[in-house]
Amino acid sequence: MDTKIVFPEFKATALEDIPRLASNARGQFRTHKTKNLQWRAVQLRKLYWALEDYKPQLVAALKSDLGKSSFEAMFTEVDWVKKDCMFMLEHLENFAKDEKLGSPAVPPTYSLMKFRVRKEPMGTVLIIGPYNYPVQLLLAPMVGAIGAGCTAVIKPSELTPASAMVIKEMIETRLDSSAFSVVNGSIPETNALMNEKWDKVFFTGSAQVGSIIAKKAAETLTPVVLELGGKNPAFITKNCSNLALAARRLLWGKTHNAGQVCMSQNYVLIDKEIAQTFIGFLKDAYKDAFPQGAKNSPDLSRIVNKRHFQRIKKMIDESQGQIVMGGEMDEDDLYIEPTAVLVNSVEDSMMQEESFGPIFAIYPVNTLDEALNIANLVHKTPLSLFSFGSKAENDRILNEMTSGGATLNDSFFHGSVNTVPFGGVGDSGWGAYRGKASFDAFTHFRTIAETPGWADRLIRVRYMPYDWSQYKLLARLTEKKPNFDRSGKVVKGFGYWMALIFGLGGKNAKGAFLRWIVVAVAHYLYTVRAAK
Ligand SMILES: NC(=O)c1ccc[n+]([C@@H]2O[C@H](COP(=O)([O-])OP(=O)(O)OC[C@H]3O[C@@H](n4cnc5c(N)ncnc54)[C@H](O)[C@@H]3O)[C@@H](O)[C@H]2O)c1
Ligand SMILES: CC1=C(/C=C/C(C)=C/C=C/C(C)=C/C=C/C=C(C)/C=C/C=C(C)/C=C/C=C(\C)C=O)C(C)(C)CCC1
């Protein structure tokens, strides 16, 4: 029996249908049904079971689009989003409930006004996905949108056509199709979508397209989340505790999904003295991962298409460096062997471009100063950074170079857990999502105050005719005196010494209280013993 799964041929959504789909989603939001937590929970449960039921099609589609192994398809795509659904379901009520605002945000003088933050759905949102994780990177943000109570239109990447068509059928047949729809297509369809008014746009993809999206969104002052790429550095110093482990972990970062991972390292800055040893360990790790050779491995994905194959090949072809691991390619099979290139210039093509594939540069340096200068020159705000040094060196690297996220002593572990916030900084991204951050990304935090009528006498100060005596009274009750002078120095005045003496050196009221308890207990024990 032939069990081969056949996918519907990729079909772009008709341009003339796009305004209607956007308008439907907006209209459905205005029915207010998405404000109901039960409705949201039902959609999340439906998405969970849709992913479970469509697993064979999704896994096969990922194989067809990217040569992705079923292991990675399950681990980082289908099961990943199912876990997201479970997490959102488990915490939905808690995330969505009003947050009471008390001290210190609200001073005691305003405590009668019942300040609170109400979590409101942003409205109707557009989610645009990239090709490298067609399921995860499109549907994980959608879990946030559903949890927050938004309606949404989602647009998968056209570079992964099989996944895009399976996702369209799955979402539109299994979720509330009046609230959620899928637009398939490329630039014209995305432009048509961007011509519509959204309450938020969530874009994952390249910085170049991110900038087009942000500009267009700015015309209508539409907020955007941008999840972009970066030229991510790894630092290895002489004090790296286990060089073989560093090699194994960094090789993982470039073999997982064939290195088509926004947060994997682009280049490794390594102390000159240990560079050759590291290369030896890399080769060992390679042999362990691919005992039959990388090309024969059932685990290694392929490059998404010929354009990206040629882009990656060009980086290697134009490099002045020396290939020290890998280097084999086969365009017909879209196969690129995991490859490391030893380089000695920031101008090298391997350092200038984002690799977004199974290749990376190794750049030997003399000092950590030099490494930090190079990394800041190549990309000041990468999406991630990896550091394999002593504690002091790792701290220094974190301190002297920023990044969206960072992992010490490993490749992208900070981005491998689906409930911790993930996002870029500067030109590697705006905003974050995953876990609670996904709910927050699609939520308007609306501050509410409620002023009881009987309190009007108390707030008389705001009314005309203005009365300075009322103002002074309020100031006396609410204004804090500075404990610092005009040069910014803390002044240790009478209040400071009193607090120190009567607080027994405690830093705050709680600390002082605990110290007084200790004193009281000690005094009690002493008097009991003395009495015996
Ligand atoms: N930070 C992250 O979470 C993350 C995740 C994955 C990929 N990325 C980055 O994305 C890039 C690779 O992904 P990609 O090639 O799919 O990105 P891309 O920017 O080419 O495409 C992303 C989406 O934008 C659409 N698009 C492409 N060109 C467009 C245009 N001119 N106008 C409007 N829409 C357009 C595509 O159809 C696709 O849906 C890399 O730079 C990678 O680092 C970032
Ligand atoms: C099982 C036992 C234990 C626990 C073991 C643990 C915690 C294992 C953890 C393993 C991990 C974290 C593996 C990492 C997997 C990597 C993944 C899932 C990669 C994901 C890729 C992603 C998200 C890509 C994203 C791409 C982006 C954003 C851009 O392109 C113990 C030790 C507790 C007890 C014994 C048993």
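Placed above this text is the structure.
This one's a predicted model, so the numbers in the text were calculated from it and none came from an experiment.

The secondary structure content of the chain amounts to 18 helices and 20 strands. With the C-alpha coordinates aligned to their principal axes, the bounding extent of the chain is approximately 85 × 65 × 55 Å. Taking the average place of the 64 positive charges on the side chains of the chain and the average place of its 55 negative ones, the gap between the two points comes to 12 Å.

So, about the layout of surface pockets. By volume, the largest pocket is sized at about 1,400 Å³. Lining the largest pocket are 47 residues, with G205, S206, A207, Q208 and V209 sitting closest to its centre. Those elements that provide at least two residues to the lining of the largest pocket are α7 (187-194), β6 (200-204), α8 (207-219) and α11 (306-317). The dominant element in the lining of the largest pocket, judged by the number of residues it contributes, is α8, at six residues. Of the residues assigned to the lining of the largest pocket, the class counts are 19 nonpolar, 16 polar and 12 charged. Its volume calculated, the second largest pocket comes out at about 850 Å³. Considering the residues around the second largest pocket, the lining is formed by 36 residues, among which E72, W252, T255, H256 and F412 are closest to the centre. Taken together, the elements giving at least two residues each to the lining of the second largest pocket come down to α4 (70-96), α5 (136-148), α9 (243-255) and α10 (272-289). A class-by-class count of the residues in the lining of the second largest pocket yields 19 nonpolar, nine polar and eight charged.

The next subject is the site of ligand 1. G129, E158, S206, L228 and E354 are the nearest of the 26 residues found near ligand 1. Here ligand 1 loses 91% of its free accessible area of 840 Å² to cover by the protein chains. Put simply, the parts of the chain that give the shell around ligand 1 at least two residues each are α7, β6 and α8. Across the shell around ligand 1, the residue classes break down as 14 nonpolar, eight polar and four charged.

Right, let's talk about the packing of aromatic side chains for a bit. Applying the stated criterion across every chain yields a total of 12 aromatic pairs. On the basis of an interplanar angle of 80 degrees and a centroid distance of 4.9 Å, the ring pair of F202 and Y433 is categorised as edge-to-face. Of this pair, F202 sits in strand β6 while Y433 sits in strand β19 (residues 432-433), and the two are 231 residues apart along the sequence. Of the aromatic side chains, those joined through ring pairs into one cluster are F202, F422, Y433 and F442. The residue whose ring lies beneath R434 is F422, and the NZ or CZ to ring-centre distance is 4.4 Å. Sitting above the plane of the F95 ring, K436 keeps its charged end 5.9 Å from the centroid.

Turning our eyes to something else, we now look at the site of ligand 2. Near ligand 2, the surroundings consist of 17 residues, among which W80, N132, Y133, C262 and F413 are the closest. The separation between an oxygen atom of ligand 2 and a polar side-chain atom of N132 is 2.7 Å. Here an oxygen atom of ligand 2 and a backbone polar atom of C262 are 2.7 Å apart. Considering ligand 2 on its own, with 880 Å² of exposed area, one finds that the protein chains cover 54% of that surface. Of all the secondary-structure elements, those providing two or more residues to the shell around ligand 2 are α4 and α5.

Cut-off values and rules
Residues numbered from 1 in each chain as written. Chains lettered and ligands numbered in written order. Predicted model: local features only at pLDDT ≥ 70, side-chain atom pairs only at ≥ 80, totals over all residues. Heavy atoms only, no water. Helix = DSSP H or I, 4+ residues; strand = E, 2+ residues; numbered from the N terminus. Lys, Arg positive; Asp, Glu negative; His and termini not counted. Charge placed at Lys NZ, Arg CZ, Asp CG, Glu CD. 1 Å grid on protein atoms, 1.4 Å probe; cavity = no way out; pocket = protein on both sides within 12 Å on 5 of 7 lines; lining within 4 Å. Points joined across faces, edges and corners; volume = space filled by probe spheres on them. Nonpolar A, V, L, I, M, F, W, Y, C, P; charged D, E, K, R; others polar. Near = heavy atom within 4 Å. Areas by Shrake-Rupley, 256 points an atom, 1.4 Å probe, with all protein chains shown as cover. Phe/Tyr/Trp six-rings, centres within 6.5 Å; stacked < 30°, edge-to-face > 60°. Lys NZ or Arg CZ within 6 Å of the ring centre and 35° of its normal. Polar contact = N/O pair within 3.5 Å; in protein donor to acceptor, adjacent residues only side chain to side chain.

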